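Report on the structure
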Amino acid sequence: MMKKVITIAGSNSQNSINQLLVEYVSNLMEGVEIITIDLNDYVLPIYGVDFEAENGIPTAVKRLDEILNSVDAFIISLAEHNGSYAAVFKNTLDWLSRLNIKIWREKPMLLMATSPGGRGGATVLQSASSYFPFLGAKVIETFSLPSFYDNFKEGEIIEESLRMELKGKAAEFSKGL
């Protein structure tokens, strides 16, 4: 049976560079079914205990939780906003944690980040690497793509050492499926 892998770009930008990176890595994966989650399809109110008490958990959160439960692994690329998660991603995590604190279900994860800057989202990647295991992530590999617009052109990573590094990490992730 073919393994199912969810991809998520931790951004709600219509032109997300993290979505481009996720799509690139998805094309490196063989023998898996890719399920792409677009956070724009799960528009949620800002999480708050008062809102939850008055309104319950939104249907969109329940739908997303069911999808997360049905897959074998995750490929995530995080946008970095002021050194942390994009608000839409953090809010989605907050809502999902109300149904299951082990959001990632102890399943394998390839965790990435990219940004236009030279650090490539390294701060959010480091934060997620230490926080996601608490949420049930089995982080197999991490990858940061610095200077996105210099290193990614026409749908691929053009800098050889970065391309080979990501290819190797994607292969290592695939072994864990």
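Refer to the structure presented above.
Overview of the structure. This one's a predicted model, so the numbers in the text were calculated from it and none came from an experiment.

About the criteria used
- Residues take numbers from 1 onward in each chain, read along the sequence in its written order.
- Per-residue local features of the predicted model are confined to residues with pLDDT of at least 70, and side-chain atom pairs are confined, for both listing and counting, to 80 or more; whole-chain, interface and lining totals are unaffected and use all residues.
- To obtain the side-chain values, all non-hydrogen atoms of the structure were used and water was disregarded.
- In DSSP terms, a helix is any run of H or I states spanning at least four residues, a strand is any run of E spanning at least two, and both are numbered starting from the N terminus.
- Every radius of gyration here is taken over C-alpha atoms, with the globule rule written as 2.2 Å times N^0.38, N being the number of residues.
- Any residue under 20% of the maximum accessible area for its type is buried, any over 50% is exposed, and the rest in between are partly exposed; the area is computed with a 1.4 Å probe on protein chains only.
- In what follows, a contact means two residues having at least one pair of non-hydrogen atoms within 4.5 Å.
- With residues, only the protein chains shown are counted as cover, and all accessible areas are computed by Shrake-Rupley using a 1.4 Å probe.
- Within this scheme the basic residues Lys and Arg register as positive and the acidic residues Asp and Glu register as negative, but His and the chain ends are omitted.
- Note on charges: their place is set at NZ of Lys, CZ of Arg, CG of Asp or CD of Glu.
- Nonpolar core, defined: a set of buried Ala, Val, Leu, Ile, Met, Phe, Trp, Tyr and Cys residues in which side-chain atoms within 4.5 Å join the residues together.
- Buried and open spaces are told apart on a 1 Å grid over the protein atoms alone, a cavity being a set of points where a 1.4 Å probe fits but cannot get out and a pocket being an open set with protein on both sides within 12 Å along at least five of seven lines. Residues with an atom within 4 Å of a point are the lining residues.
- Grid points are joined across faces, edges and corners, and a volume is the space filled by probe spheres set on the points.
- Throughout this description, the term salt bridge denotes a Lys or Arg side-chain nitrogen within 4 Å of a carboxyl oxygen of Asp or Glu.
- A 3.5 Å cut-off defines polar contacts: any pair of N or O atoms within that distance qualifies, except that in protein one atom must be a possible hydrogen donor and the other a possible acceptor, and neighbouring residues in sequence count only when both atoms are side-chain atoms.

When its secondary structure is counted, the chain shows 7 helices and 9 strands. Scaling as 2.2 N^0.38, a compact globule of 177 residues should have a C-alpha radius of gyration of about 16 Å, and the chain matches this with 16 Å. Every one of the 177 residues in the chain was classed for burial, and the buried ones make up 47%. The long-range fraction of contacts in the chain, counting pairs at least 24 apart against all pairs at least 6 apart in sequence, stands at 79%. Here the chain has roughly 8,700 Å² of accessible surface; of this, 49% comes from carbon and sulfur atoms. When the 16 basic and 22 acidic side-chain charges of the chain are each reduced to a single mean position, those positions are 5 Å apart.

Let's shift gears to the nonpolar core. The biggest cluster of nonpolar side chains holds 35 residues, and the ones touching the most others in it are Ile 76, Leu 78, Phe 89, Trp 104 and Phe 132. Setting aside residues up to four positions removed in sequence, Leu 78 forms contacts with Gly 10, Asn 18, Tyr 85, Phe 89, Leu 111, Met 112, Ala 113, Thr 114, Val 124, Ala 128 and Phe 132. Counting residues in each nonpolar core, the second largest holds 21 residues, with Val 5, Ile 75, Phe 143 and Leu 145 among its members.

A separate point is the environment of Thr 7. Mapped onto the secondary structure, Thr 7 falls in strand β1 (residues 3–10). Given the relative accessible area of 0%, Thr 7 is considered buried. Setting aside its immediate chain neighbours within four residues, Thr 7 contacts Val 22, Ser 26, Ile 34, Ile 35, Thr 36, Ile 37 and Ile 75.

A few words now on empty space enclosed by the protein. For the structure on display, the rule yields 1 cavity of 30 Å³ or more. Size it by volume and the largest cavity reaches roughly 40 Å³. Together, Ile 8, Ile 37, Leu 39, Leu 64, Leu 68, Phe 89, Thr 92, Leu 93, Leu 96 and Trp 104 line the largest cavity. Elements supplying a minimum of two residues to the lining of the largest cavity: α3 (59–69) and α4 (87–97).

Let us look at the pattern of salt bridges. A complete count under the given rule lists 7 salt bridges for this structure. For Glu 165, the salt bridge is made with Lys 169, and the minimal N-O distance between the two is 3.5 Å. Highlighted residues: Glu 165 and Lys 169, both in helix α7 (residues 160–175), separated by 4 residues, approximately one helical turn.

Now for unusual backbone geometry. A positive phi angle, close to 55°, is found at Arg 105, a residue other than glycine. Here Arg 105 is to be found in the loop between α4 and β6 (107–114). Its identity as a non-glycine residue notwithstanding, Glu 154 has a phi of 50°, on the positive side. Within the element layout of this structure, Glu 154 appears in the loop between β8 (152–153) and β9 (156–157). Given the relative accessible area of 84%, Glu 154 is considered exposed.

All right, on to the side chain of Ser 16 then. Positionally, Ser 16 belongs in the loop between β1 and α1 (17–28). The class of Ser 16 is buried, set by a relative accessible area of 7%. A polar contact is formed between the side chain of Ser 16 and the backbone nitrogen of Gln 19, at a distance of 3.0 Å. Those residues within four positions of Ser 16 in sequence are excluded, and the remaining contacts are Ala 9 and Ser 11.

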